[in-house]
Amino acid sequence: MEENKNENINGVELTEAENELYDRQIRLWGLESQKRLRTAKILVSGLNGIGAEVTKNIILSGVNSVKLQDEKIVTEEDFCAQFLVPRAAIGQNRAEASIDRARALNPMVEISADTESLAGKNADYFEKFDVVVLIGASNSELLRVDNICREKNVKFFSGDVWGMFGYCFADLQEHSFVEDVAKHKVISKPNEKVKTELVTAAVQRTLNFPSFSHVVDFDINSPAYQKKLKRTGPALILLRTLQEFRETFNRDPCYKTRETDIAELQRIRNELTSPNSLSDSYFENVFAQISPAAAVVGGVLAQEIIKVVSKKEAPHCNVFLFDPDTCCGFIETIGLN
(Lines give C-alpha, C1' and ligand atoms only; values in the text may rest on other atoms or scores of the structure.)
Protein backbone atom coordinates (compact mmCIF):
# COMPACT_ATOMS: atom_id res chain seq x y z
CA MET A 1 0.00 0.00 0.00
CA GLU A 2 1.75 3.15 -1.19
CA GLU A 3 -0.45 5.80 0.38
CA ASN A 4 0.83 7.28 3.65
CA LYS A 5 -0.89 5.69 6.65
CA ASN A 6 -2.37 8.93 7.91
CA GLU A 7 -2.95 10.65 4.60
CA ASN A 8 -6.42 12.01 4.06
CA ILE A 9 -5.85 15.43 2.57
CA ASN A 10 -9.44 15.87 1.40
CA GLY A 11 -10.40 17.05 4.89
CA VAL A 12 -7.29 19.14 5.45
CA GLU A 13 -7.68 22.88 5.18
CA LEU A 14 -4.89 25.39 5.64
CA THR A 15 -5.56 28.32 7.94
CA GLU A 16 -5.33 31.89 6.69
CA ALA A 17 -2.00 32.26 8.47
CA GLU A 18 -0.67 29.09 6.82
CA ASN A 19 -1.81 30.21 3.38
CA GLU A 20 0.04 33.48 3.90
CA LEU A 21 3.20 31.87 5.30
CA TYR A 22 3.40 29.15 2.63
CA ASP A 23 2.23 31.31 -0.28
CA ARG A 24 5.45 30.91 -2.30
CA GLN A 25 5.52 27.16 -1.76
CA ILE A 26 1.88 26.76 -2.78
CA ARG A 27 2.65 28.68 -5.97
CA LEU A 28 5.65 26.40 -6.56
CA TRP A 29 4.22 22.93 -5.96
CA GLY A 30 0.46 23.45 -5.51
CA LEU A 31 -2.08 23.43 -2.72
CA GLU A 32 -2.55 19.65 -2.65
CA SER A 33 1.18 19.11 -2.14
CA GLN A 34 1.23 21.65 0.70
CA LYS A 35 -1.69 19.86 2.33
CA ARG A 36 0.27 16.61 2.22
CA LEU A 37 3.18 18.34 3.90
CA ARG A 38 0.78 19.73 6.51
CA THR A 39 -0.15 16.19 7.60
CA ALA A 40 3.37 14.68 7.61
CA LYS A 41 5.00 13.43 10.81
CA ILE A 42 8.80 13.22 10.55
CA LEU A 43 11.43 11.61 12.77
CA VAL A 44 14.97 13.03 12.54
CA SER A 45 17.42 10.88 14.46
CA GLY A 46 20.91 12.32 14.91
CA LEU A 47 21.21 16.08 15.51
CA ASN A 48 24.70 16.70 14.17
CA GLY A 49 25.44 19.30 11.48
CA ILE A 50 23.59 17.59 8.64
CA GLY A 51 20.78 16.71 11.06
CA ALA A 52 20.37 20.40 11.83
CA GLU A 53 20.23 21.23 8.10
CA VAL A 54 17.57 18.62 7.42
CA THR A 55 15.56 19.71 10.45
CA LYS A 56 15.66 23.38 9.41
CA ASN A 57 14.51 22.73 5.85
CA ILE A 58 11.64 20.39 6.63
CA ILE A 59 10.38 22.67 9.43
CA LEU A 60 10.36 25.61 7.05
CA SER A 61 8.44 23.54 4.48
CA GLY A 62 5.45 23.31 6.84
CA VAL A 63 5.18 19.68 7.94
CA ASN A 64 2.84 18.70 10.77
CA SER A 65 5.44 17.62 13.33
CA VAL A 66 9.13 16.82 13.76
CA LYS A 67 10.51 14.55 16.46
CA LEU A 68 14.21 15.21 17.23
CA GLN A 69 15.84 12.06 18.59
CA ASP A 70 19.40 12.02 19.93
CA GLU A 71 20.97 10.52 23.04
CA LYS A 72 24.34 12.27 22.55
CA ILE A 73 25.53 15.43 24.27
CA VAL A 74 26.74 18.68 22.69
CA THR A 75 30.53 18.92 22.25
CA GLU A 76 32.89 21.52 20.79
CA GLU A 77 33.00 19.49 17.57
CA ASP A 78 29.28 20.17 16.99
CA PHE A 79 29.95 23.86 16.45
CA CYS A 80 31.64 23.11 13.12
CA ALA A 81 28.19 22.76 11.53
CA GLN A 82 25.40 22.39 14.12
CA PHE A 83 23.73 25.82 14.18
CA LEU A 84 20.65 24.85 16.22
CA VAL A 85 22.57 24.47 19.50
CA PRO A 86 23.82 27.58 21.35
CA ARG A 87 27.38 27.83 22.63
CA ALA A 88 26.17 27.56 26.21
CA ALA A 89 24.72 24.10 25.51
CA ILE A 90 27.96 22.11 25.83
CA GLY A 91 27.25 19.02 27.91
CA GLN A 92 23.50 19.15 27.31
CA ASN A 93 21.54 16.67 25.22
CA ARG A 94 21.74 17.56 21.51
CA ALA A 95 18.03 17.09 20.78
CA GLU A 96 16.87 19.15 23.75
CA ALA A 97 19.47 21.85 23.07
CA SER A 98 18.19 22.16 19.47
CA ILE A 99 14.51 22.63 20.27
CA ASP A 100 14.30 26.37 20.97
CA ARG A 101 15.97 27.47 17.75
CA ALA A 102 14.08 24.83 15.78
CA ARG A 103 10.73 26.06 17.12
CA ALA A 104 11.65 29.65 16.26
CA LEU A 105 11.97 28.66 12.60
CA ASN A 106 8.25 27.92 12.25
CA PRO A 107 5.85 28.15 15.23
CA MET A 108 3.19 26.29 13.23
CA VAL A 109 5.16 23.03 13.32
CA GLU A 110 4.98 20.81 16.40
CA ILE A 111 8.52 19.98 17.55
CA SER A 112 9.52 17.64 20.37
CA ALA A 113 12.68 15.94 21.63
CA ASP A 114 13.51 12.34 22.49
CA THR A 115 16.70 11.75 24.46
CA GLU A 116 16.46 7.97 24.73
CA SER A 117 18.66 5.59 22.74
CA LEU A 118 17.65 4.72 19.18
CA ALA A 119 18.76 1.13 19.75
CA GLY A 120 15.98 0.70 22.30
CA LYS A 121 13.21 1.75 19.90
CA ASN A 122 10.90 -1.00 18.66
CA ALA A 123 8.61 -1.20 15.65
CA ASP A 124 5.73 0.59 17.42
CA TYR A 125 7.89 3.69 17.83
CA PHE A 126 8.69 4.06 14.12
CA GLU A 127 5.15 3.22 13.00
CA LYS A 128 3.95 6.61 14.28
CA PHE A 129 5.84 8.49 11.57
CA ASP A 130 5.36 8.99 7.84
CA VAL A 131 9.10 9.50 7.26
CA VAL A 132 12.06 8.27 9.33
CA VAL A 133 15.48 9.91 8.84
CA LEU A 134 18.55 8.31 10.42
CA ILE A 135 21.79 10.26 10.61
CA GLY A 136 25.03 9.09 12.18
CA ALA A 137 23.87 5.47 12.56
CA SER A 138 25.88 2.28 12.04
CA ASN A 139 25.10 -0.11 9.19
CA SER A 140 23.56 -2.62 11.60
CA GLU A 141 21.19 0.02 12.98
CA LEU A 142 20.35 1.32 9.49
CA LEU A 143 19.48 -2.21 8.38
CA ARG A 144 17.35 -2.84 11.48
CA VAL A 145 15.32 0.36 11.20
CA ASP A 146 14.95 0.12 7.43
CA ASN A 147 13.50 -3.37 7.78
CA ILE A 148 11.01 -2.07 10.34
CA CYS A 149 10.05 0.82 8.07
CA ARG A 150 9.49 -1.55 5.16
CA GLU A 151 7.24 -3.69 7.34
CA LYS A 152 5.28 -0.66 8.58
CA ASN A 153 5.12 1.18 5.22
CA VAL A 154 7.19 4.13 6.44
CA LYS A 155 9.48 6.05 4.08
CA PHE A 156 13.12 5.64 5.14
CA PHE A 157 16.08 7.97 4.61
CA SER A 158 19.63 7.96 5.90
CA GLY A 159 22.53 10.34 5.49
CA ASP A 160 25.77 11.60 6.97
CA VAL A 161 28.79 13.83 6.53
CA TRP A 162 32.41 13.13 7.41
CA GLY A 163 34.48 16.28 6.93
CA MET A 164 33.79 17.29 3.33
CA PHE A 165 32.35 13.94 2.25
CA GLY A 166 28.69 13.05 2.54
CA TYR A 167 25.88 10.82 1.32
CA CYS A 168 22.16 10.25 1.57
CA PHE A 169 20.05 7.18 0.78
CA ALA A 170 16.33 6.65 0.21
CA ASP A 171 14.20 3.54 0.60
CA LEU A 172 10.73 4.59 -0.51
CA GLN A 173 9.49 1.05 -1.21
CA GLU A 174 6.69 1.53 -3.77
CA HIS A 175 6.38 5.25 -4.35
CA SER A 176 3.92 7.04 -6.62
CA PHE A 177 4.39 10.65 -7.65
CA VAL A 178 3.34 13.22 -10.22
CA GLU A 179 5.97 14.49 -12.63
CA ASP A 180 5.60 17.44 -14.96
CA VAL A 181 6.64 16.31 -18.45
CA ALA A 182 7.23 18.82 -21.24
CA LYS A 183 6.15 17.87 -24.76
CA HIS A 184 6.02 19.62 -28.13
CA LYS A 185 2.45 20.03 -29.43
CA VAL A 186 1.79 20.66 -33.12
CA ILE A 187 -0.26 23.85 -33.52
CA SER A 188 0.05 24.43 -37.27
CA LYS A 189 -2.82 23.74 -39.67
CA PRO A 190 -2.66 21.09 -42.42
CA ASN A 191 -0.43 22.01 -45.39
CA GLU A 192 1.30 24.72 -43.33
CA LYS A 193 4.89 24.71 -42.13
CA VAL A 194 4.98 22.66 -38.96
CA LYS A 195 4.78 24.81 -35.85
CA THR A 196 4.92 23.51 -32.32
CA GLU A 197 4.63 24.85 -28.81
CA LEU A 198 5.96 23.43 -25.58
CA VAL A 199 3.25 22.22 -23.21
CA THR A 200 3.59 20.63 -19.79
CA ALA A 201 1.47 17.72 -18.65
CA ALA A 202 1.30 16.05 -15.23
CA VAL A 203 2.17 12.34 -15.49
CA GLN A 204 1.62 9.80 -12.72
CA ARG A 205 4.59 7.47 -12.18
CA THR A 206 5.50 4.69 -9.76
CA LEU A 207 8.96 3.46 -8.71
CA ASN A 208 9.99 0.53 -6.54
CA PHE A 209 12.96 1.16 -4.25
CA PRO A 210 15.26 -1.49 -2.74
CA SER A 211 16.27 -1.73 0.90
CA PHE A 212 19.49 -0.46 2.46
CA SER A 213 20.84 -4.02 2.41
CA HIS A 214 21.51 -3.57 -1.32
CA VAL A 215 23.95 -0.77 -0.52
CA VAL A 216 25.67 -2.82 2.18
CA ASP A 217 25.94 -5.86 -0.09
CA PHE A 218 26.94 -3.97 -3.23
CA ASP A 219 30.12 -5.42 -4.77
CA ILE A 220 32.56 -2.51 -4.96
CA ASN A 221 35.13 -4.82 -6.56
CA SER A 222 32.96 -5.89 -9.48
CA PRO A 223 34.55 -5.17 -12.88
CA ALA A 224 31.54 -3.07 -13.91
CA TYR A 225 31.85 -0.76 -10.91
CA GLN A 226 35.64 -0.56 -11.01
CA LYS A 227 35.34 0.52 -14.63
CA LYS A 228 33.17 3.47 -13.56
CA LEU A 229 35.63 4.83 -10.98
CA LYS A 230 37.48 7.10 -13.41
CA ARG A 231 34.19 8.76 -14.31
CA THR A 232 32.39 8.92 -10.94
CA GLY A 233 35.23 8.72 -8.41
CA PRO A 234 35.49 6.35 -5.42
CA ALA A 235 32.93 8.05 -3.13
CA LEU A 236 30.97 4.82 -2.63
CA ILE A 237 34.14 3.00 -1.55
CA LEU A 238 34.90 5.82 0.88
CA LEU A 239 31.37 5.47 2.31
CA ARG A 240 31.89 1.73 2.78
CA THR A 241 35.23 2.36 4.53
CA LEU A 242 33.85 5.02 6.89
CA GLN A 243 30.80 2.95 7.80
CA GLU A 244 33.05 -0.03 8.53
CA PHE A 245 35.19 2.19 10.79
CA ARG A 246 32.05 3.27 12.67
CA GLU A 247 30.85 -0.31 12.97
CA THR A 248 34.23 -1.45 14.32
CA PHE A 249 34.98 1.38 16.79
CA ASN A 250 31.46 2.67 17.55
CA ARG A 251 32.61 6.19 16.64
CA ASP A 252 33.82 8.25 13.68
CA PRO A 253 37.40 9.29 12.86
CA CYS A 254 38.48 11.98 15.34
CA TYR A 255 40.91 14.85 14.86
CA LYS A 256 42.35 14.12 18.32
CA THR A 257 43.57 10.71 17.11
CA ARG A 258 44.08 11.74 13.50
CA GLU A 259 47.18 9.71 12.57
CA THR A 260 45.98 6.54 14.28
CA ASP A 261 42.55 6.79 12.69
CA ILE A 262 43.96 7.41 9.22
CA ALA A 263 46.03 4.26 9.63
CA GLU A 264 42.88 2.33 10.60
CA LEU A 265 41.01 3.72 7.59
CA GLN A 266 43.85 2.58 5.34
CA ARG A 267 43.74 -0.88 6.91
CA ILE A 268 39.97 -1.15 6.42
CA ARG A 269 40.29 0.11 2.84
CA ASN A 270 42.96 -2.50 2.09
CA GLU A 271 40.68 -5.25 3.44
CA LEU A 272 37.77 -4.08 1.32
CA THR A 273 39.47 -3.33 -1.98
CA SER A 274 42.68 -2.38 -3.74
CA PRO A 275 44.50 0.79 -2.54
CA ASN A 276 44.41 1.91 -6.16
CA SER A 277 40.61 2.21 -5.94
CA LEU A 278 40.72 4.78 -3.11
CA SER A 279 43.81 6.92 -2.57
CA ASP A 280 45.06 7.90 0.89
CA SER A 281 44.36 11.56 0.12
CA TYR A 282 40.62 10.95 0.66
CA PHE A 283 41.28 10.23 4.35
CA GLU A 284 42.76 13.68 5.00
CA ASN A 285 39.39 15.47 5.08
CA VAL A 286 36.95 13.16 6.91
CA PHE A 287 37.16 14.70 10.39
CA ALA A 288 34.30 16.54 12.14
CA GLN A 289 31.61 17.98 9.84
CA ILE A 290 32.45 20.89 7.58
CA SER A 291 29.56 23.35 7.40
CA PRO A 292 29.36 23.77 3.57
CA ALA A 293 29.28 19.99 3.03
CA ALA A 294 26.59 19.60 5.70
CA ALA A 295 24.58 22.33 3.98
CA VAL A 296 24.85 20.68 0.56
CA VAL A 297 24.08 17.12 1.63
CA GLY A 298 21.48 18.20 4.19
CA GLY A 299 19.80 20.37 1.59
CA VAL A 300 19.61 17.49 -0.89
CA LEU A 301 18.28 15.11 1.76
CA ALA A 302 15.63 17.56 2.96
CA GLN A 303 14.55 18.30 -0.61
CA GLU A 304 14.10 14.58 -1.25
CA ILE A 305 11.96 14.28 1.89
CA ILE A 306 9.79 17.20 0.75
CA LYS A 307 9.41 15.70 -2.75
CA VAL A 308 8.41 12.33 -1.31
CA VAL A 309 5.87 13.73 1.15
CA SER A 310 4.36 16.13 -1.38
CA LYS A 311 4.47 13.45 -4.13
CA LYS A 312 5.71 16.12 -6.50
CA GLU A 313 8.51 15.34 -8.99
CA ALA A 314 10.74 12.29 -9.30
CA PRO A 315 12.93 11.37 -6.32
CA HIS A 316 16.62 10.54 -6.64
CA CYS A 317 17.26 6.84 -7.26
CA ASN A 318 18.69 6.09 -4.76
CA VAL A 319 22.10 7.11 -3.31
CA PHE A 320 23.43 10.69 -3.44
CA LEU A 321 27.20 11.04 -2.92
CA PHE A 322 29.14 14.27 -2.40
CA ASP A 323 32.76 13.79 -3.48
CA PRO A 324 35.22 15.95 -1.47
CA ASP A 325 37.88 15.67 -4.16
CA THR A 326 35.74 17.30 -6.85
CA CYS A 327 33.22 19.08 -4.56
CA CYS A 328 30.50 17.67 -6.80
CA GLY A 329 27.51 15.51 -6.02
CA PHE A 330 26.17 12.66 -8.13
CA ILE A 331 23.57 9.90 -8.01
CA GLU A 332 24.56 6.24 -7.75
CA THR A 333 21.74 3.82 -8.59
CA ILE A 334 22.07 0.65 -6.54
CA GLY A 335 19.67 -2.28 -6.57
CA LEU A 336 16.98 -0.71 -8.76
CA ASN A 337 15.71 -2.70 -11.70
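Since we're looking at a predicted model, the values are computed, not measured. (Residues numbered from 1 in each chain as written. Predicted model: local features only at pLDDT ≥ 70, side-chain atom pairs only at ≥ 80, totals over all residues. Heavy atoms only, no water.)

**Quick look at the environment of K256**
Along the polypeptide, K256 turns up in the loop between α10 (235-249) and α11 (258-272). K256 gets classed as exposed once you look at its relative accessible area, which sits at 66%. (Helix = DSSP H or I, 4+ residues; strand = E, 2+ residues; numbered from the N terminus. Buried < 20%, exposed > 50% of the residue type's maximum accessible area, 1.4 Å probe, protein only.)

**A word on the side chain of N64**
One can find N64 in the loop between α4 (49-61) and β2 (65-69). At 3.4 Å, the side chain of N64 forms a polar contact with the backbone oxygen of R38. The residues touching N64, leaving out its near neighbours within four places in the chain, are L37, R38, T39, A40, K41, V109 and E110. (Polar contact = N/O pair within 3.5 Å; in protein donor to acceptor, adjacent residues only side chain to side chain. Contact = heavy atoms within 4.5 Å.)

**Describing the UniProt feature "domain: THIF-type NAD/FAD binding fold" (unreviewed entry) in the protein chain**
Per the UniProt record, "domain: THIF-type NAD/FAD binding fold" (unreviewed entry) is found at residues 22-320. Along residues 22-320, the helical share is 42% and the strand share 21%, with 28 Å between the first and last C-alpha atoms. (UniProt positions renumbered as here; feature names shortened; annotations may be inferred.)

**Overview of the packing of aromatic side chains**
Taken as a whole and assessed by the stated rule, the structure comprises eight aromatic pairs. Between the aromatic rings of W162 and F165, the centroid separation amounts to 6.0 Å while the plane-to-plane angle is 25°, which identifies the pairing as stacked. Here F165 falls in the buried class, since its relative accessible area comes to 0%. With a centroid separation of 4.7 Å and 45° between ring planes, the pair formed by F245 and F249 is classed as tilted. Taken as a pair, F245 and F249 lie in helix α10 at a separation of four residues, close to a single helical turn. Accessibility expressed as a relative area gives 31% for F249, which makes it partly exposed. By way of ring pairs, the aromatic residues Y125, F126 and F129 are connected into one cluster. Positioned above the aromatic ring of F79, the side-chain terminus of R87 is 4.2 Å from the ring centre. When the ring centre of F249 is taken as origin, the NZ or CZ atom of R251, which lies over that ring, is 5.8 Å away. (Phe/Tyr/Trp six-rings, centres within 6.5 Å; stacked < 30°, edge-to-face > 60°. Lys NZ or Arg CZ within 6 Å of the ring centre and 35° of its normal.)

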